[in-house]
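Examining the three-dimensional arrangement
Here are the chains, one letter per residue:
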Amino acid sequence: PKFRGLFAGSGSGCLSDATFAKEILQLLPPSSPSRRRSEDGGPNVLYLGTATYDLPAPRARQTDRLKELGCTINSLDVSIRSPSQSDIRTAIESADIILVGGGNTLYAVDRWTRLGMIPLLREASERGAVLAGGSAGAIWVFDGGHSDSADPDTFRRAMLDAAAAGINAKKGMSQCEEEHEDESSAAPASGKETKDWKYVRVPGLGFLPGLCCPHGDMVQSNGVPRSDDFDEMLLRHDGERGICIDHWAALLIKGGEYRIVCCENRPGSVVIDRGTSETKFCPDRTGKPGVWIKECVNGVIEQSLCPPEGKVSDILRFPTKIVDNLDELEKCRRANPDVAHNTLQEF
């Protein structure tokens, strides 16, 4: 009943927009100590940028709006560093809001697991700390997600090299990314070849049931529409229900209730058929942002638009089974190794 969070389809995209920052703050309980600390710097936001290797640019894009609204921003950098258990506990326990950045979900969850952070994050959610994030920052709270963690552009070396060179590794930006940089790779520019990588199911922490697909209306550098690939994944993982979140949409949860939050005047997948008045998924993104519920029923993917608000139990359900894909995950880990862990292993 204390669970509170906002989970968006994009990281830097949505979280650099004040609409979503204001919604996150509204999730704070009226009795929250942070509401009584405004003179000391406002609510305490803990930013976890593990998925983008604690780079400063994604952190600024995803926290500046909250800072402008009076929050105090702290970071727990663990992508390479291994802080003491005491420092990790203090950072998480003092947070009113835990904001997880977009990026490589698998790398982030693996690091948190290795550092013993998972029980502390669960305790934070149970005491009513607000959990928030987009893209990887949405996947991590669910049982798992449709992830681009196999995209070489999300690997540590590629991101650090691009940051050091002062360039964006994701050329050929889409319309959305021209307006707001985001951690997800862009669709190939006209006439350019697609990149050779595949989406993968990655495990989350299981705070919420379901398989989450962020950027649900987008195409990334492999040229494959995420919504189509998500359907294929659900056929392989037919025991799970899918939550497909458009790039400019978010699922907001407060206790047992939910609400869909969208960025006004942004493209999305939801259109209304003029002839039938039925809502339909529009792959060319000429509609409004939204969230879709998908699942495999008798070998066929059924999808429905998530209503604007309602009970969480109406849209999320516990899986009947979860199918492991350990070989795919190990391939990703070998391609994007945990340098801090591997260095320790050498001694």
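Residues numbered from 1 in each chain as written. Predicted model: local features only at pLDDT ≥ 70, side-chain atom pairs only at ≥ 80, totals over all residues. Heavy atoms only, no water.

1. So, helix α8 (residues 156-165)
Within α8, the full set of buried residues consists of R156, M159, L160 and A162. Considered in projection along α8, the buried side chains sweep an arc of 160° and stay on one side of the axis. Turned more than 90 degrees away from the buried face of α8, the exposed residues are A164 and A165. The first or second residue beyond α8 is G166, which carries a positive phi of 75°. (Buried < 20%, exposed > 50% of the residue type's maximum accessible area, 1.4 Å probe, protein only. Helix = DSSP H or I, 4+ residues; strand = E, 2+ residues; numbered from the N terminus. Arc of directions from axis to C-beta.)

2. Re the pairing of strand β15 (residues 300-305)
The pairing of strand β14 (residues 291-297) with β15 spans six bridges and is classified as antiparallel. What sits directly across from V297, in β15, is V300. Here β14 folds back onto β15, and the loop between the two strands holds two residues, one of which, N298, carries a positive phi near 55°. (Pairing = 2+ DSSP bridges.)

3. Side note on the side chain of Q220
By the element assignment, Q220 lies in the loop between β8 (208-213) and α10 (226-236). Polar contacts involving the side chain of Q220 include one to the side chain of D148, which spans 3.0 Å. Residues within four places of Q220 in sequence aside, it is in contact with D148, D151, S184, S185, A186, A187, P188, W197, Y199, H215 and R226. (Polar contact = N/O pair within 3.5 Å; in protein donor to acceptor, adjacent residues only side chain to side chain. Contact = heavy atoms within 4.5 Å.)

4. What to know about a positive patch on the surface
Residues K198, R236, K331 and R334 make up a contiguous surface patch of positive charge. By secondary structure assignment, the location of K331 is in helix α12 (residues 326-335). (Patch = residues over 30% accessible without salt bridge, like charges linked within 9 Å, V, L, I, M, F, W, Y side chains within 5 Å. Areas by Shrake-Rupley, 256 points an atom, 1.4 Å probe, with all protein chains shown as cover. Salt bridge = Lys/Arg side-chain N within 4 Å of Asp/Glu carboxyl O. Lys, Arg positive; Asp, Glu negative; His and termini not counted. Charge placed at Lys NZ, Arg CZ, Asp CG, Glu CD.)

5. Some points on the nonpolar core
Within the largest apolar cluster, 53 residues are counted, with the highest numbers of intra-cluster contacts made by I92, W112, M117, L121 and W140. Residues contacting W112, with those up to four places away along its chain left out, are L48, T50, V78, V100, M117, I118, L121, W140 and L205. In this structure, L25, L99, A132 and L252 belong to the second largest nonpolar core, which totals 23 residues. (Core = buried A, V, L, I, M, F, W, Y, C linked by side-chain atoms within 4.5 Å.)

6. Focus on the side chain of T52
Secondary-structure assignment places T52 in the loop between β2 (44-48) and α3 (56-68). Classification of T52 as buried rests on a relative accessible area of 1%. Sequence-distant contacts of T52, defined by excluding residues within four places in its chain, comprise Y47, P58, G102, G103, M159 and E183.

7. Some details on the sheet that holds β2
With mixed pairing, the eight strands of this open sheet are ordered in space as β3-β2-β4-β5-β1-β10-β11-β16. The sheet is open, and its two edges are formed by β3 (72-75) and β16 (309-311), each paired on a single side. Within the sheet, the average angular offset between the axes of one strand and its neighbour, ignoring direction, is 20°. By the bridge criterion, five bridges tie strand β1 (residues 4-8) to strand β10 (residues 249-254) in an arrangement that is antiparallel. Directly across from R4, in β10, lies its bridge partner K254. (Axes fitted to C-alpha atoms, helices over the stretch in contact; angles between N-to-C directions.)

8. Let's talk about the pairing of β2
The buried count for β2 comes to five of five residues, which makes it a mostly enclosed element. Because side chains alternate across β2, one face comprises the buried residues N44, L46 and L48, and the other comprises V45 and Y47, equally buried. Summarising the sheet, β2 and β3 pair through four bridges and their orientation is parallel. Following the sheet pairing, N44 is matched in β3 by T72. Regarding the hand of the β-α-β motif, the stretch spanning β2, α3 and β3 is right-handed. The pairing of β2 with strand β4 (residues 97-100) spans four bridges and is parallel. Along β4, the bridge assignment pairs L48 with V100. (Right-handed = clockwise from strand over helix to strand, strands pointing away.)

9. Re the pattern of salt bridges
Inspection of the entire model under this criterion finds 20 salt bridges. Of the charged contacts in the structure, one is a salt bridge between R201 and E240, with a shortest N-O distance of 3.0 Å. Note that R201 is positioned in strand β7 (residues 200-203) and E240 in the loop between α10 and β9 (242-245), a separation of 39 residues in sequence. Residue classification places R201 among the buried positions, given a relative accessible area of 5%. The salt bridge partner of D231 is K294, with a shortest N-O separation of 2.8 Å. Taken as a pair, D231 in helix α10 and K294 in strand β14 lie far apart in primary sequence, 63 residues in all. Judged by its relative accessible area of 1%, K294 is buried.

10. Remarks on the confidence of the model for the protein
Mean pLDDT over the protein: 90, with 90% of residues reaching 70 or higher. Counted against residues more than four places away or in other chains, residues 34-39, with its pLDDT under 50, gives 13 contacts. (pLDDT = per-residue confidence, 0-100.)

11. What to know about the packing of aromatic side chains
Remark: the centre distance and the inter-plane angle together describe each pair of aromatic rings, the angle taken between the planes. Overall, the coordinates contain seven aromatic pairs when judged by the stated rule. Consider the rings of Y53 and Y107, whose centres lie 4.9 Å apart with planes at 65°: the pair is edge-to-face. Residue Y53 is found in the loop between β2 and α3, and its partner Y107 is found in helix α5 (residues 105-114); the two are separated by 54 residues along the sequence. The same class applies to Y53 as to Y107, namely buried. Where W140 meets F207, the ring centres are 5.8 Å apart and the plane angle is 70°; that geometry is what we call edge-to-face. In this pair, W140 is assigned in the loop between α7 (136-139) and β6 (142-147) and F207 in the loop between β7 and β8, connecting sequence segments 67 residues apart. (Phe/Tyr/Trp six-rings, centres within 6.5 Å; stacked < 30°, edge-to-face > 60°.)

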